[in-house]
Amino acid sequence: MADLLLIGGATPQMLERLEATFTIHRLADAEDPAAWLVEHGAKIHYVATNGHDGVKPDYIKAMPNLKLISCYGVGYDAIDTRLARAGGIMVTHTPNVLNAEVASTALMLMLACYRNLLADDAHVRSGDWETNGNAPLSRSADNQVVGIVGLGRIGQAIADKLAPFNATILYHSRSQKMVPYQYYGSLVDMAQAADVLICITPGGEETNKLVNFEVINALGPKGTLINVSRGSVVDETAMIAALQDGRLGWAGLDVFEQEPKVPEALRALSNVVLLPHVGSASHETRAAMGDLTVDNLLQHSNIGTVISPVPECEDM
Ligand code: NAP
Ligand code: 8YV
């Protein structure tokens, strides 16, 4: 049986399937992971990890016989794919199986911001409804101009799910697509034209603080910022300042710069809805992600090919 290093957790269903083919080593069991890898790294042929933990570059270097890193998640910004590829290591991820779930999360955040979901829930629970009367009116989420930042697999699923809300869709990405939505090469211009921005690009260096001070100001006091991509995509400090002084209206966030740390200043605001990175976190979708993570490992172990390589490894 080949040796597999598990970085982070795995569901019981994933473990059951993996245990039939691999000898599993859990990095979490090592007192000193770096020291464990110095001693045992050479026998590891497979790694299963996730979008949060990834694989540190030093760990990749410590596994000279590594063949495949299988990531439980579509975002792989925590894995240095250039380093992996240079070492002949294939990297796989879990695209498509989570599109609908993450799109639902984006819409849930948008609706919660627009319709004051959290404040209205608190109004009932606190007894304010009974003692002080009806809650203030909210804003309609229908007929909005929605700017999608990153019209990829999930971005398109978000656009599809917005159709019944009669949204006008705008989008910004690196390249223009054959879609019936208006393309903006400039994110500032799109933010100016939109009521809502929904961020769903990958993380990493290229998109670091893509939503910056200028973009946030362009979205403006009546604007809503939804982020289901990576915390790094939004300048969190600039966003918090704008939410505090009214330059930005609302924010619905599933992701943060230093997860699971969320700044106290952000948690104190009433014009935000905050989720603990649960964009794909339903039983059904996580099971499908787990299956694909394991399928990639098993197929590689059996016949040397994979199902869903990351784009950087597609021609390997
Ligand atoms: P995808 O199909 O690769 O789409 C990514 C989109 O982002 C593409 O439209 C791409 O534009 C655009 N993009 C990439 N770099 C850009 C840049 N520098 N500037 C502007 N646009 C850029 O990926 P996906 O499957 O939709 O997933 C997107 C991301 O969502 C993942 O990488 C992950 O970080 C995040 N995610 C979060 C959760 C969660 O739980 N919150 C769950 C799943 C995924 P081009 O088409 O022009 O290249
Ligand atoms: C998961 C994600 O939270 O797929 C992604 O990119 O961010 C999420 O689906 C994560 O990857 C699971 O570890």
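Preceding this paragraph is the structure being described.
Residues numbered from 1 in each chain as written. Chains lettered and ligands numbered in written order. Predicted model: local features only at pLDDT ≥ 70, side-chain atom pairs only at ≥ 80, totals over all residues. Heavy atoms only, no water.

A. The arrangement of the nonpolar core in detail. Core analysis: the biggest nonpolar cluster contains 68 residues, and Ile 69 and Ile 158 have the highest contact counts within it. With nine residues, helix H5 (residues 99-114) is the single largest residue contributor to this core. In this structure Ile 69 touches Val 47, Thr 49, Val 55, Ile 60, Ile 79, Ala 84, Ile 89, Met 90, Val 91 and Thr 92, once residues within four positions along its chain are discounted. Counting residues in each nonpolar core, the second largest holds 30 residues, with Leu 197, Leu 219, Ala 242 and Val 272 among its members. (Core = buried A, V, L, I, M, F, W, Y, C linked by side-chain atoms within 4.5 Å. Buried < 20%, exposed > 50% of the residue type's maximum accessible area, 1.4 Å probe, protein only. Helix = DSSP H or I, 4+ residues; strand = E, 2+ residues; numbered from the N terminus. Contact = heavy atoms within 4.5 Å.)

B. Summary view of the state of the cysteines. For the structure shown, the criterion picks out zero disulfides. The thiol of Cys 113 is unpaired, and the distance to the nearest cysteine sulfur, on Cys 199, comes to 13 Å. Overall, Cys 113 belongs to the buried group, its relative accessible area being 3%. Cysteine Cys 313 is unpaired, with the sulfur of Cys 71 as its nearest cysteine sulfur at 12 Å. (Disulfide = S-S within 2.5 Å.)

C. Main features of empty space enclosed by the protein. This structure, assessed with the given rule, holds one cavity of 30 Å³ or more. By volume, the largest cavity amounts to about 40 Å³. Around the largest cavity, the lining residues are Asn 227, Gly 231, Val 234, Glu 236, Met 239, Leu 253, Val 255 and Phe 256. (1 Å grid on protein atoms, 1.4 Å probe; cavity = no way out; pocket = protein on both sides within 12 Å on 5 of 7 lines; lining within 4 Å. Points joined across faces, edges and corners; volume = space filled by probe spheres on them.)

D. Region of the structure containing unusual backbone geometry. Cis rather than trans, the peptide bond between Glu 259 and Pro 260 has omega equal to 5 degrees. Among the secondary structure elements, Pro 260 is positioned in the loop between strand E11 (250-253) and helix H12 (264-267). Here the phi dihedral of Asn 96 falls at roughly 70 degrees; this positive angle occurs in a residue that is not glycine. Residue placement: Asn 96 occurs in the loop between strand E5 (90-92) and H5. Judged by relative accessible area, which is 46%, Asn 96 ranks as partly exposed.

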